[in-house]
Every structure is written in structure tokens, then in C-alpha cells.
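The residues making up each chain are set out below.
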Amino acid sequence: MKLLNHIKQHRARLDLTQEDLANLVGVRRQAVLAIEKGKYVPSALLAFQLARALGMSVEELFELEDEREEE
Amino acid sequence: MTGTSVRRLPSADWFAIGIAVAALFLQYVFPLAAGVVVLAVFAPSILREIKVLDDGDEWTTGIMHRAGFHGLLAVGTLISLNYLLVATGWFQPSEMNQRPINLETLHKAVIWVFLVSYLIQYWGARHGVFRILLAVSLTGLAPLTYSLKHEIELEGYFLAASLVHLVAIAGLAFLVRRWPRIGAGVMLLVIAVFLALGMDSVVTPVVNEARWGMLNVWFQLGLVFGVTSIAIFRESGAKTG
């Protein structure tokens, strides 16, 4: 089971670079890159921080792969 | 900026790697430099762990811990192999080596596995392996500093070995960049051949210092090739799977 995310789309919507988002949540740009590519699953704390920075809820930003299949 | 996949190592890591490489070349001139290599490799992680260095985040901490775990697995496997070779009577002690796997070997195993694992996780398998192999190809020149220090002319065989090391591994690096899985397959094949040749030297008494030194080089190359080829196959498996 994989954790999918929509960070890239919402970041683009707000015209934020990976660096901007990284600065907003206090991580390195490489961490945002790894999360966006699905290579790193963030902690609950970082997931909430990312969601808050992008002005949305965690459930809107992340979803489990099987949830998408059910839809 | 968006969508770029360039990953820069923290500057503390670059600084430490610079010191490690310099010490690697200088160890033939100043034996103390060998210890500096180890310190330089682990210093950023130690400083991060005791919170003196605060340049990372949970992702950097995660890959650092994972690299440490991989180093531990490598050392644990080698210690088990050590007991196995001695207990089964396959290994016959000699003046040069009382045990098939000594402290120096474990020391090299943990440094290489930790460093390679850390860099690959940071850069990604394909870019990481390419850069690591290029760097490893340059280490073929390191023993030349010994000849400069002692002002001796190297034997043709030794020079040829350094040149082959440089060219062959650099070639492998470019092969991995172009065709990662083929490159990884070649590395596994090289390990298999060296293992077949090297095992004979491990289980029989080694009295020749040059032969022991060559085994040492093979062992380190085997470690690098093993870890990097596993990383390539894992990444390509994750993409296709």
C-alpha cells in the first residue's frame, strides 16, 4: 500500500517552488522533492505542516493508493 | 526550479568528504591519515546525532539512520561469515592473517557501506552510483602518493593495475548512467568472478603481502559494487513493480 500525495499540484497552484515550501515547513528542499516523488513518507507532524502551508487538510493532500482504486 | 531532481548534499557532508578524500590520498604518506578518513565519514552524522550540527530535517535524519543500519548489517554478516569459515575449518590461519575477516576489514566494510548507502539514498540510485563509481575510479591513483613520498619508481604491473582500475571503473560508471540494469549486472558478475578467485586466497594461508593487499582491494570493490548494484535493481524494481 502506497501513500499518494498532491503536493506538486497544490504547490504549483499557489506558485510555490520546492524551496519556498521547504522554507515554510522548515525542511530541506530535498525532503520536499523526496516526498513529492513518493520516495519518502513524511511523519504525521510534517504532513500536517505541509497541509497547513498549502491551505488544506491532510486528507486532501495525501491519500492511500487503495482509496483511489475504490473510487 | 519546479520538478528538478538535482539534490545537493549538505555543505557539512561535502566538507567532510573533501577531508576524507584528501586523507585517503595522504594515508600512504602519513599513516595517521587513515584514521582521519573514518572520522571524516562519520563526523557529520555524529554531530547531527548529538545536535551540535543542525542542518538537516527528518528526511536527512532518516537516511542517516538507514545508512547506519546498512553498515551494521554488513558488519554483522561479515562477523557471522568469520565464525562460519573458522568453525567449519575452511580457513587455515597464517602469519599474515589469523582470521579470515579482521578488524581492518570490518572497519572498511562499515565505512564503505555507510557512505555509499547514504549517498545513494540522497542522490537516488542512478545518479548516486554514477558519481560514486567515478570517485572510486580515482582512488586507483591513491597508492601513487606512496611512490611520491618514497621517491621510488613503481613497477609496471602496479602502474598498469592503477590505470586499469581508473579506466575500467570509470567505464562502468558511464555504463550504469546509460543502462543502469546492465551496469548493475556487470558489477554482480565481477563480484562473482572475484569471489571465486578470492575465496581460494581466503581459505588457504596467505603469506604474500602483495596478494593480501590485492584481496583487500577486491573486498572493498566488492562491497561498493554489491551495495550499488542492489540499489540499482531495487530502484528499477520499484519503478516497474
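Basis of the calculations
- Residues numbered from 1 in each chain as written.
- Chains lettered and ligands numbered in written order.
- Predicted model: local features only at pLDDT ≥ 70, side-chain atom pairs only at ≥ 80, totals over all residues.
- Helix = DSSP H or I, 4+ residues; strand = E, 2+ residues; numbered from the N terminus.
- Rg over C-alpha atoms; globule rule 2.2 N^0.38 Å.
- Buried ≥ 20, exposed ≤ 12 C-beta atoms within 10 Å, placed from the backbone.
- Contact = placed C-beta atoms within 7 Å.
- pLDDT = per-residue confidence, 0-100.
- Core = buried A, V, L, I, M, F, W, Y, C linked by C-beta atoms within 7 Å.

Turning next to the overall build of chain A. A count of helical and extended segments in chain A gives 6 helices and 2 strands. If you list the helices and strands of chain A from N to C, you get β-α-α-α-α-α-β-α. Over its C-alpha atoms chain A spans a radius of gyration of 12 Å, differing by no more than 12% from the 11 Å that the globule rule assigns to 71 residues. The principal-axis extent of the C-alpha atoms belonging to chain A is close to 35 × 20 × 20 Å. In chain A, which comprises 71 residues, the share counted as buried stands at 32%. Residue pairs in contact within chain A that sit at least 24 positions apart in sequence constitute 58% of those at least 6 positions apart.

Attention shifts here to the overall build of chain B. The helix and strand inventory of chain B stands at 9 helices and 0 strands. Here chain B holds 241 residues, and 26% of them are scored as buried. Within chain B, contacts between residues at least 6 apart in sequence are counted, and of these 72% link residues at least 24 apart.

Summary statistics for chain A give a mean pLDDT of 90 and a share of 93% for residues scoring 70 or more. For chain A, the element scoring lowest by mean pLDDT is helix α6 (residues 65-70) of chain A, at 66; helix α4 (residues 44-53) of chain A scores highest, at 96.

Core analysis: the largest hydrophobic core is formed by 58 residues, its most contacted members being Val113(B), Val116(B), Val129(B) and Leu133(B). Leaving out residues up to four positions away in the same chain, Leu133(B) has contacts with Ile169(B), Leu172(B), Ala173(B), Val176(B) and Thr228(B).

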